[in-house]
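Here's the letter readout for the chains.
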Amino acid sequence: MTAEPTGAVRPTVLFVAVRDAGRSQMAAAYLTQLADGALNARSAGIRPAARLDPAVVDAMAEDGIDLSSAQPAEVTVESINNAQMVVTLGSGGDCPVIPGRRYEDWDVDDPAGQSPDGVRAVRDDIKHRVQQLMSELQPALHPDAQ
C-alpha cells in the first residue's frame, strides 16, 4: 500500500508474467491510466528479461502509452505483500501465493515473437481485461458514488 499525503491509502494491483517484458507491463500501464490515481499498478516477472519487448513498446505507443523507459522487475515476496491483488498472466503456477491477497489468472497469449498485428491483438485483449477489472474495482474505490 502507498500512503497518500492526506493519510488515505491506495490499493496496489501487481501484474505478474514470466519475463515482465510484455503482458504485465501492458496491464500495469493500462490500469495506471484508467485508475487515474485511485490505485497503484505494478508489474513483475518470475524470470525478468533484460528489457521490454520492442514490439510491445511500439504497440503501446500506438495507443498513446510510452513504455520506452520501463524496466522489467523481479517478483518478490515483498512485492506481493505490498499488493492487495495479484493478476498472473501466464505465470500462475510459478507465482508465490500469500494468504490474504486476491489472485486472478488471465490466460493471455505471450506477445514475444508475434507479428505486429499479433502484438496488437494481445494489447487489445489486455486492455479489455483491465477495463473489466476497473469496472469491478470501481465501487470499492469510490464507495460514496453508489
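Each remark here, short or long, concerns the structure printed above.
The structure reproduced in this document is the subject of the present report. (Residues numbered from 1 in each chain as written. Predicted model: local features only at pLDDT ≥ 70, side-chain atom pairs only at ≥ 80, totals over all residues. Heavy atoms only, no water.)

Below, the discussion takes up the packing of aromatic side chains. This model, assessed by the stated rule, comprises 1 aromatic pair. The interplanar angle of 55° and the centroid separation of 5.8 Å between the aromatic rings of Phe15 and Trp106 together place this pair among those described as tilted. Highlighted residues: Phe15 in strand β3 (residues 12-17) and Trp106 in strand β6 (residues 102-106), separated in sequence by 91 residues. Owing to a relative accessible area of 0%, Phe15 belongs among the buried residues under this scheme. Accessibility expressed as a relative area gives 6% for Trp106, which makes it buried. (Phe/Tyr/Trp six-rings, centres within 6.5 Å; stacked < 30°, edge-to-face > 60°. Helix = DSSP H or I, 4+ residues; strand = E, 2+ residues; numbered from the N terminus. Buried < 20%, exposed > 50% of the residue type's maximum accessible area, 1.4 Å probe, protein only.)

All right, on to the sheet that holds strand β5 (residues 85-89) then. Ordered by their spatial adjacency, 4 strands build an open sheet running β4-β3-β5-β6, and the pairing between neighbours is parallel. Every other strand in the sheet has two partners, leaving β4 (40-45) and β6 as the edge strands with one partner each. Averaged over all neighbouring strand pairs, the angle between strand axes comes to 20°, with direction disregarded. Bridging between β3 and β4 involves 6 bridges; their strand directions are parallel. What sits directly across from Ala17, in β4, is Gly45. (Pairing = 2+ DSSP bridges. Axes fitted to C-alpha atoms, helices over the stretch in contact; angles between N-to-C directions.)

Glancing now at the environment of Arg19. Relative to the helices and strands, Arg19 is located in the loop between β3 and α1 (23-35). Looking at Arg19, the relative accessible area reads 31%, which means it is partly exposed. Separated by 30 residues in sequence, Arg19 and Ala49 place their C-alpha atoms 5.0 Å apart. Setting aside residues up to four positions removed in sequence, Arg19 forms contacts with Gly45, Arg47, Pro48, Ala49, Pro72, Asp110 and Ala112. (Contact = heavy atoms within 4.5 Å.)

We now examine helix α2 (residues 54-62). Every buried residue of α2 is listed here: Val56, Val57, Ala59 and Met60. End-on view of α2: buried residues confined to an arc of 165°, all on one side of the axis. The N-cap residue of α2 is Asp53: its side-chain oxygen and the backbone nitrogen of Ala55 are 2.8 Å apart. Positive phi shows up at Gly64, right after α2, with a value of about 85°. (Arc of directions from axis to C-beta. Polar contact = N/O pair within 3.5 Å; in protein donor to acceptor, adjacent residues only side chain to side chain.)

What follows concerns the pairing of β4. Counting buried residues in β4 gives 5 out of 6 residues, a clear majority hidden from the surface. Handedness of the crossover joining β3 and β4 through α1: right-handed. (Right-handed = clockwise from strand over helix to strand, strands pointing away.)

Looking now at the nonpolar core. Considering soluble globular proteins, one finds that nonpolar side chains tend to be buried as a cluster. Counting residues in hydrophobic clusters, the biggest one holds 31 residues, and the most contacted among them are Phe15, Trp106 and Ile126. Counting residues per element, the ones that place at least two in this core are β3, α1, α2, β5 and α4 (116-141). When neighbours within four sequence positions are excluded, Trp106 is seen to be in contact with Phe15, Ala27, Val87, Thr88, Leu89, Gly90, Arg129, Val130 and Leu133. Formed by 10 residues, the second largest nonpolar core is a distinct cluster that contains Ala44, Val75, Ile80 and Ile98. (Core = buried A, V, L, I, M, F, W, Y, C linked by side-chain atoms within 4.5 Å.)

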